[in-house]
Amino acid sequence: MNYNLKQEMRKLKLQIFASFLLVLILIILVAFGIQNRVNNVIFSEKSNLENNIGKKVIIDNDTLTIVNYSLIKGEYTLSNGTKIDKSYHKK
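None of these values were measured; they are calculated from a predicted model.

A. Geometry of the side chain of T77. Within the secondary structure, T77 is located in strand β3 (residues 75-78). A residue is classified by how much of its surface remains accessible, and T77, at 17% relative accessible area, is buried. One polar contact links T77 to K83, side chain to side chain, over a distance of 3.3 Å. Once residues lying within four places of it in the same chain are set aside, the contact partners of T77 are T65, I66, V67, N68, T82 and K83.

B. Highlighting the environment of L49. As for its placement among the helices and strands, L49 is situated in helix α1 (residues 2-51). Given a relative accessible area of 2%, L49 falls into the buried group. Ignoring any residue separated from it by four or fewer positions in sequence, one finds L49 in contact with Y69, S70, L71, Y76 and K86.

C. Focus on the pairing of strand β2 (residues 62-70). Pairing geometry for strand β1 (residues 56-59) and β2, over 4 bridges, is antiparallel. Bridge pairing links I58 to T63 in β2. Here β1 hands over to β2 after 2 residues, with D60 in that stretch at a positive phi of 55°. In terms of strand pairing, β2 meets β3 through 4 bridges, oriented antiparallel. By the bridge assignment, I66 is partnered in β3 with L78.

D. How the structure looks around the pattern of salt bridges. Enumeration according to the criterion identifies 1 salt bridge in this entry. A salt bridge links E45 to K86; its shortest N-O distance comes to 2.6 Å. Of this pair, E45 sits in helix α1 while K86 sits in the segment after β4 (83-85), and the two are 41 residues apart along the sequence.

E. Examining a nonpolar patch on the surface more closely. Taken together, the side chains of L14, F17, F20, L21, L24, I25, I28, L29 and F32 make up a nonpolar region of the molecular surface, amounting to roughly 920 Å² of accessible area. Along the chain, the position of F17 falls in helix α1.

F. View of unusual backbone geometry. In this structure, D60 is a non-glycine residue whose phi angle is positive, near 55°. Mapped onto the elements, D60 comes out in the loop between β1 and β2. Taking relative accessible area as the criterion, D60 reaches 73% and is therefore assigned exposed.

G. Spatial organisation of the nonpolar core. Membership of the largest hydrophobic core is limited to 9 residues, which are L49, V57, I59, L64, I66, Y69, Y76, L78 and I84. Where this core is concerned, the elements lending two or more residues are β1, β2 and β3. With 3 residues, β2 is the single largest residue contributor to this core.

Conventions used here
Residues numbered from 1 in each chain as written. Predicted model: local features only at pLDDT ≥ 70, side-chain atom pairs only at ≥ 80, totals over all residues. Heavy atoms only, no water. Helix = DSSP H or I, 4+ residues; strand = E, 2+ residues; numbered from the N terminus. Buried < 20%, exposed > 50% of the residue type's maximum accessible area, 1.4 Å probe, protein only. Polar contact = N/O pair within 3.5 Å; in protein donor to acceptor, adjacent residues only side chain to side chain. Contact = heavy atoms within 4.5 Å. Pairing = 2+ DSSP bridges. Salt bridge = Lys/Arg side-chain N within 4 Å of Asp/Glu carboxyl O. Patch = residues over 30% accessible without salt bridge, like charges linked within 9 Å, V, L, I, M, F, W, Y side chains within 5 Å. Areas by Shrake-Rupley, 256 points an atom, 1.4 Å probe, with all protein chains shown as cover. Core = buried A, V, L, I, M, F, W, Y, C linked by side-chain atoms within 4.5 Å.

Structure below.
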């Protein structure tokens, strides 16, 4: 009977270890999936901002050119140094 108890304890330990390993692998896979999705969104947004470099923006009577962008702040830098929101150039 003592031998059966030890054998059952080994099986239980192995099942707990296998479950822990499975959960760990699942967490890693979900993390990679989330990271991949975030990278795709960032790449798409960066491409949209890069495509507008060189385009003209009219503010009052001045025609300015978009010369740079900030992905984090979501803004463009114009040729005179003015910073505008990324949605402003579409107006």
